[in-house]
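Analysis of the macromolecular model
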Amino acid sequence: MKLEFHQLDRRWEHLRVHHPSRQRRLLASLADSGQQTPIVVVTAEGQTDRYVVIDGYKRIAALEQLGRDTVEAVVWPMSEAAAVLLDRSLRLSEHETALEVGWLLAELEQRFGYGLDDLARRFDRSVSWVSRRLALVEVLPQAIQQQVREGKILAQVALKFLVPVARQSLEDCQRMAVVFAQHHCDTREAGQLYAAWRKGSHAMRKRILDDPELFFKTQRQAQEKAPTGTGAELLRDLEMMTAIANRAHRSLAGAAATDLDHQQREAARYQIDRIQNRLRRIDETIFPEKKPHVEPSATHHDSGTAREGSEQARDRASDGSLPSSGTQSPALELHHSTGAAASGESRASPATDPGAFQQVQGESRASP
């Protein structure tokens, strides 16, 4: 059926976040092809010619911009609450943020008196899931929520950064929201400012929020000076590996290490060996001059038997060149740590035997 705009009750419109880019695309589509999908409404309680809009707020706004007087609608023969829940379960076109879900839960709780258990059952979720999303709505000031609805602040930015700040300082949360809105911060930029705020002292936090332009300028200059290309990617990867290793080490703090059973310890030892081998390969690739000089072996299955002639002399000379302190090179250390993995070789074979070096460099048993 066709409905005029004055017949529409838009009481659920405040649950939607405004996305300017999507709205522009929708406006262009409606101008070019007209309305293809009807909005969804239910009859307003006690009013036969007035309808509550359940879905289609963006289409209504676009049609108004185009100067239209009516909108195509389909009427669902059910109660308003049932229609809202059904629409939510059928809306698969875009992912709702936790904040948008929190708005819906809060509205259902306030307008229809649904308790936490009722909401959890109707959404097929746990009570804690409902409580966490309602808490998001409660912790963020209404003014900031309105900015999220209007698209001035990204919903993900509000969730990831403004909510934790609000739990520590409402004043800083409001000031940070102003910065995000004025500078149209995306998730990366907002994350940089939040990380600096979280790590900074009270004076540093105040300085960042007092002069965000200087902060963003400093960030841009640092990015411009950062190296690019393969080298930069390698450094970032190595920094990530270091961070992951630090996190793994922190997780073993206290009595956590004693909680590992024998099988878990063996699996951890295997993964550590793999990581060490990969790092050695990277090190040898970057610094090839650190590789010990190795003569080619006649066979990959050398048993460690001494060679005749000049090779014997070379081996003896090599033995004499070993440091008297007993300090071993990386290649020798690798040979001893993986000696059991080398097929057909005795762990007692001389460390300077070229056959032993040949097996270490291949790392046949250390590959994934």
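The structure we're discussing is the one just above.
Residues numbered from 1 in each chain as written. Predicted model: local features only at pLDDT ≥ 70, side-chain atom pairs only at ≥ 80, totals over all residues. Heavy atoms only, no water.

Turning our attention to the pairing of strand S4 (residues 51–55). In regular strands, side chains alternate between the two faces of the sheet. Most of S4 is tucked away: 5 of the 5 residues are buried. Sheet topology places strand S2 (residues 8–9) next to S4; 2 bridges connect them, and they run parallel. Pairing of Asp-9 across the sheet is with Val-52, part of S4. (Buried < 20%, exposed > 50% of the residue type's maximum accessible area, 1.4 Å probe, protein only. Helix = DSSP H or I, 4+ residues; strand = E, 2+ residues; numbered from the N terminus. Pairing = 2+ DSSP bridges.)

Among the nonpolar cores identified, the biggest contains 71 residues, and Leu-8, Leu-99, Leu-108, Ile-153, Leu-162, Phe-180 and Leu-193 are the most heavily contacted of them. Tallying contributions element by element places helix H8 (residues 155–168) first for this core, with 9 residues. (Core = buried A, V, L, I, M, F, W, Y, C linked by side-chain atoms within 4.5 Å.)

Below, the discussion takes up the packing of aromatic side chains. For the structure on display, the rule yields 6 aromatic pairs. Residues Phe-123 and Trp-129 carry aromatic rings whose centres are separated by 6.3 Å and whose planes lie at 40° to one another, so their mutual orientation is tilted. For Trp-129, a relative accessible area of 7% puts it in the buried group. The interplanar angle of 20° and the centroid separation of 6.3 Å between the aromatic rings of Tyr-194 and Trp-197 together place this pair among those described as stacked. Here the residue Tyr-194 and the residue Trp-197 both occupy positions in helix H10 (residues 187–199), the gap between them amounting to 3 residues, near one helical turn. With relative accessibility at 13%, the residue Tyr-194 sits in the buried group. Taking relative accessible area as the criterion, Trp-197 reaches 0% and is therefore assigned buried. Here Arg-205 stacks its cationic end above the ring of Trp-197, 3.8 Å away from the centre of that ring. (Phe/Tyr/Trp six-rings, centres within 6.5 Å; stacked < 30°, edge-to-face > 60°. Lys NZ or Arg CZ within 6 Å of the ring centre and 35° of its normal.)

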